[in-house]
Amino acid sequence: MTADATTPKSAPASPAAADAARPAKKERIITKPVPPPAITTAYLLLRGTIAGILGCPIGGSPSATASLLQPTYLKDPYPSGKFSFSLGKKQGTLCALPVPETEEGQEKFWDSVEREVNRWVREGKGVRVCERERVKLVEGGRRAYLDESLWKLPKKMKEADKVLNIGVIEGLVVGAVEGPFKLVASTDLVGSIVLERQFCHVTAGKHARKCEVVIKFRLENNSNGGEDCGEKVAPVEEIDDEVLDKEYLKPLIIESKIRLEEGRLLEKYFLEEEQARQRLEQEEMEKATRNLSIQEDAQGSLQEDEMVVNAFEVKGKIDYNKLVDNFGSKLIDAELLERIERLTVGRGTVPYLHRFLRRDIFFSHRDMVKICECLEQNKPFYLYTGRGPSSGAMHLGHLVPFMFTQWLQQAFQCPLVIQMTDDEKFLFKGVYDDETGDNLDYFAHLTMENAKDIIACGFIPEKTFLFSDLQYVGTMYPTIVRIWKAVTVNTVNGIFGFDGSANMGKIAFPAIQAAPSFPSAFPRVLGSGKESANMACLIPCAIDQDPYFRMTRDIAHKLVPKDHPLGGKPALIHSKFFPPLQGAEGKMSSSDENSAIFLTDTAEMIEKKIKEYAFSGGQETKKLQQELGANLDVDVAYQWLRFFLEDDEELAKIGKDYGTGSGEFWSTAKVKARLVEVLKEIVDSHQAKRQTITDEVVLDWMKERLIV
């Protein structure tokens with residue numbers, strides 16, 4: 001036998017011995033970043049400011065508690081932070097001041113927060129720091145000191161986590177932050193706190209399941225935001241429990257009490273707004289009641305005058321100020337107009353502001369200020385407009401947004417996408433016949449015809465992409481699906497008035513019109529890199545299209561990178577309606593030939609329609625006209641000249657003469673004759689350009705290609 005055969009084998013090692021023989025695993029150590037003292041102090045200042053303005057506790061229950069501080073300063077090239085504040089349900093369960101749900105109200109809220117927190121910064125309030133055991137705070141029912149991350153005790157608590165630092169700014173906030181944080185000794189060492197509004201968000205509503213504010217901030221004029229402040233750090237000191245609990249904390253956890261001046265001012269503002277709304281409603285009700293008693297048919301007359309403006313219908317006498325209030329947009333003021341002029345005329349891209357801006361025809365906006373900021377910072381953005389092809393011939397009312405968009409493209413030198421919603425027109429106006437089938441192809445044909453009129457408006461070919469939904473929707477589909485996922489059917493029905501009788505395409509379509517608001521819908525046209533993904537979008541449109549984009553703006557943050565300059569929201573600039581010939585109310589319609597001047601009309605047809613159908617604001621007799629003058633507000637010929645006559649001085653002269661019944665343009669006939677001259681020139685020029693545009697030219701404009 002061999003030696004191997006005779007040597008006894010060793011007994012197998014026991015499991016315990018085997019474990020002991022293995023090298024010990026290294027304990028995984030997670031190092032959490034310690035925020036710079038100024039950022040942590042700003043975080044506590046904002047926690048106290050938001051609670052004090054809204055009149056809710058600074059913490060202590062799931063209905064009112066702040067999240068932990070997110071270390072955005074690690075990625076941002078400047079001192080910054082981000083956190084959220086839970087406020088319960090609806091418009092703030094424990095808030096004395098309901099959290100605003102309108103966009104305008106939320107802007108007022110953020111303004112108030114920024115002013116109030118910087119007042120505390122400027123006043124140089126003292127900051128105190130003391131220590132408390134975490135277990136005693138959690139188990140002793142003193143959670144009001146803690147942010148959300150500290151409520152639950154870990155199974156294995158490290159020595160460093162057992163004792164918490166608590167920061168105190170008397171009258172504003174008492175709170176702990178996770179980790180070995182430090183605070184500056186005085187609030188003025190923070191610098192100034194700027195809310196990054198594109199990343200700030202409010203979730204609130206009368207039926208909302210949760211109420212929450214998300215705050216992103218940065219520090220400016222601060223030399224301590226990214227370093228240890230040395231002697232400027234607040235030292236840890238002894239503060240008696242009774243002082244900490246009763247003097248510092250108790251006043252800040254009282255429910256339903258506004259504690260800060262900006263909160264009281266905001267409450268007063270909202271109250272005055274609500275009272276003004278109620279007074280207006282009361283006045284309108286009283287006025288309606290008086291009108292009902294005038295004559296037997298007054299009810300019918302009142303219904304005709306009632307303003308109705310939505311995505312599918314415009315009628316009645318339009319009160320644009322009321323419309324802006326109802327929709328929550330903002331009027332274009334003189335300051336914004338001057339800024340637009342400086343960024344366009346001042347840069348030499350156009351000789352002067354478009355007459356639609358000069359004359360308050362494009363009058364309302366959403367986030368146009370931020371588009372100006374993009375221009376000033378050389379950040380890219382693009383224009384988006386469109387057309388629903390419902391007739392073979394477009395009329396002058398259809399031309400208005402394209403004329404203005406052409407000027408915007410020239411002024412801003414930016415890309416433009418034009419959506420032809422042939423799918424929408426089929427879904428809403430298409431028909432089916434058992435013998436001939438449906439007429440979907442008819443709307444595809446109208447797209448080609450209308451596209452020729454649009455191209456004739458003079459857009460920059462290499463910067464413009466025109467597309468049919470029926471052909472291009474596949475490329476947009478991932479963006480559309482994300483919008484569908486983000487918007488409920490109830491929301492769509494509430495905005496657009498759909499019910500169970502609507503075909504499913506109608507309910508699905510708003511997402512298709514929303515999709516071009518996002519650069520992700522155009523990966524080969526606008527590019528697919530990070531810069532392209534962050535492109536802002538500006539939409540010129542009539543104000544009746546605003547509901548589509550209010551829906552879009554509500555969910556936009558879910559479809560773009562977090563550093564998008566507008567938080568993903570498309571900016572809008574709204575026009576007033578182009579009035580029909582029969583009266584300066586509502587808007588022009590393709591369905592009534594005598595209410596419109598079509599781009600295919602001859603010179604004779606234009607003259608006949610203006611002379612016979614254009615509603616006059618002049619008086620019944622020459623004598624009365626010369627005594628009283630015309631009512632320019634209802635006179636269609638004068639209103640149309642406001643849209644199409646370029647010369648401001650001539651328009652002013654016509655208005656003065658006609659309004660006083662004197663001078664060269666004293667009569668309706670004179671004003672109509674001048675309008676006919678202007679319209680003939682516009683339509684003749686358009687027809688000449690359109691004749692050169694073939695189907696092949698349209699297809700070239702529809703080719704997917706890079707336009708940035």
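Rules of the game
Residues numbered from 1 in each chain as written. Predicted model: local features only at pLDDT ≥ 70, side-chain atom pairs only at ≥ 80, totals over all residues. Heavy atoms only, no water. Helix = DSSP H or I, 4+ residues; strand = E, 2+ residues; numbered from the N terminus. Buried < 20%, exposed > 50% of the residue type's maximum accessible area, 1.4 Å probe, protein only. Contact = heavy atoms within 4.5 Å. Areas by Shrake-Rupley, 256 points an atom, 1.4 Å probe, with all protein chains shown as cover. Phe/Tyr/Trp six-rings, centres within 6.5 Å; stacked < 30°, edge-to-face > 60°. Lys NZ or Arg CZ within 6 Å of the ring centre and 35° of its normal. Patch = residues over 30% accessible without salt bridge, like charges linked within 9 Å, V, L, I, M, F, W, Y side chains within 5 Å. Salt bridge = Lys/Arg side-chain N within 4 Å of Asp/Glu carboxyl O. Lys, Arg positive; Asp, Glu negative; His and termini not counted. Charge placed at Lys NZ, Arg CZ, Asp CG, Glu CD. Pairing = 2+ DSSP bridges. Axes fitted to C-alpha atoms, helices over the stretch in contact; angles between N-to-C directions. Arc of directions from axis to C-beta. Polar contact = N/O pair within 3.5 Å; in protein donor to acceptor, adjacent residues only side chain to side chain. Core = buried A, V, L, I, M, F, W, Y, C linked by side-chain atoms within 4.5 Å. Parallel < 35°, antiparallel > 145°, perpendicular 65-115°, else oblique. Left-handed = near helix turned anticlockwise from the far one by under 90°. Nonpolar A, V, L, I, M, F, W, Y, C, P; charged D, E, K, R; others polar.

Asker: Looking at this structure, how should I read the overall build of the protein?
Answerer: Tallying secondary structure elements over the protein gives 27 helices and 19 strands in all. Evaluated residue by residue, the protein yields a buried proportion of 50% over its 708 residues. Here the contacts in the protein between residues at least 6 apart in sequence split such that 77% fall between residues at least 24 apart. Summed over its atoms, the accessible surface of the protein is roughly 35000 Å², and 51% of this surface lies on carbon and sulfur atoms.

Asker: Any chance you could explain the packing of aromatic side chains here in plain terms?
Answerer: The geometry of an aromatic ring pair is captured by the separation of the ring centres together with the interplanar angle, meaning the angle of the planes. Tallying each qualifying case throughout the model produces 30 aromatic pairs. On the basis of an interplanar angle of 65° and a centroid distance of 6.5 Å, the ring pair of Phe426 and Phe443 is categorised as edge-to-face. With Phe426 in helix α15 (residues 422-429) and Phe443 in helix α16 (residues 440-455), the pair connects residues that are 17 residues apart, well separated along the chain. Classification of Phe443 by relative accessible area gives buried; the value is 4%. Three or more aromatic residues link up through ring pairs in this structure, and these residues are Phe356, Phe362, Phe404, Trp407, Phe578, Trp640, Phe643 and Phe644. Its end group placed over the ring of Trp120, Lys125 keeps NZ or CZ at 5.3 Å from the ring centre. Directly above the ring of Phe363 sits Lys576, whose terminal nitrogen or CZ lies 5.5 Å from the centroid.

Asker: Explanation requested: a negative patch on the surface in the structure shown.
Answerer: Taken together, Glu104, Glu272, Glu273, Asp319 and Asp325 make up a surface patch of like negative charges. For Asp325, the position within the fold is in helix α10 (residues 320-327).

Asker: Please clarify how the sheet that holds strand β17 (residues 464-468) should be interpreted in this entry.
Answerer: With mixed pairing, seven strands are arranged side by side in an open sheet as β11-β12-β19-β18-β13-β14-β17. A single partner strand is all that each edge strand has here, and the edge strands are β11 (330-331) and β17. Note: strand β12 (residues 362-366) against strand β19 (residues 571-575), four bridges, orientation antiparallel. Along β19, the bridge assignment pairs Phe362 with Ser575. Contacts between α10 and the sheet are confined to β11 and β12, with β12 contributing the most and set at about 10° to the helix.

Asker: Quick question: what am I supposed to make of the environment of Gly567 here?
Answerer: Examined against the element boundaries, Gly567 turns out to sit in the loop between α21 (546-555) and β19. Note: C-alpha distance between Gly567 and Ile555 (12 residues apart in sequence) is 9.8 Å. In this structure, Gly567 is in contact with Gln198, Ala556, His557 and Val560, ignoring residues within four places of it in sequence.

Asker: Mind showing me how you'd approach helix α7 (residues 241-249) here?
Answerer: Of the residues making up α7, those classed as buried are Leu244, Tyr248 and Leu249. End-on, the buried residues of α7 take up no more than an arc of 75°, which puts them together on one face. Opposite its buried face, α7 presents the exposed residues Lys246 and Glu247, each directed more than 90 degrees away. In the core, the buried residues of α7 are packed alongside β3 (128-133), β4 (163-169) and β5 (173-176). For α7, the N-terminal capping position is held by Asp240, with its side-chain oxygen 2.9 Å away from the main-chain nitrogen of Glu242.

Asker: Quick question: what am I supposed to make of the nonpolar core here?
Answerer: Most often, soluble globular proteins keep nonpolar side chains buried together rather than apart. In this structure, Leu396, Ile610, Trp640 and Phe644 are the most contacted members of the largest nonpolar core, which totals 77 residues. Tallying contributions element by element places helix α14 (residues 396-412) first for this core, with 10 residues. In contact with Phe644, not counting residues within four places along its chain, are Arg355, Leu396, Val400, Met403, Phe578, Val678, Leu679 and Ile682. In this structure, Leu94, Ala144, Val177 and Ala234 belong to the second largest nonpolar core, which totals 73 residues.

Asker: Got a minute to help me understand the pattern of salt bridges in this structure?
Answerer: Between side chains of opposite charge, pairing is possible as soon as their charged atoms come close. Evaluation of the coordinates by the stated rule reveals 44 salt bridges. We note a salt bridge from Glu242 to Lys246, for which the minimum N-O separation is 3.8 Å. Within this pair, Glu242 and its partner Lys246 are both found in helix α7, separated by four residues, close to a single helical turn. Under the relative-accessibility criterion, Lys246 is labelled exposed at 53%. Ionic contacts of the salt-bridge type, sharing partners, join the residues Glu103, Arg366, Asp367, Asp546, Arg550 and Arg553 into one network.

Asker: Sorry, what's going on with unusual backbone geometry here?
Answerer: In most cases, non-glycine residues show a negative phi, while peptide bonds are predominantly trans. Of note, the phi angle at Lys90 is positive, near 55°, even though the residue is not glycine. In this fold, Lys90 is placed in the loop between β2 (80-86) and α4 (103-122). Lys90 sits in the partly exposed class, given a relative accessible area of 48%. Even without being glycine, Asp360 reaches a positive phi, approximately 65°. Tracing the sequence through the fold places Asp360 in the loop between α12 (355-358) and β12.

Asker: Where do I start with the packing of helix α25 (residues 648-660) against helix α26 (residues 668-691) in this structure?
Answerer: It is the contact of α25 with α26, at a shortest axis distance of 10 Å, that shows an interaxial angle of 160°. Accordingly, the angle class assigned to the pair α25 and α26 is roughly antiparallel. For the pair α25 and α26, the crossing hand works out as left-handed. Seen from α25, the contacting residues are Glu650, Ile654 and Tyr658; seen from α26, they are Thr668, Val671 and Arg674. Along the lines of polarity and charge, the residues of the contact of α25 with α26 split into three nonpolar, one polar and two charged.

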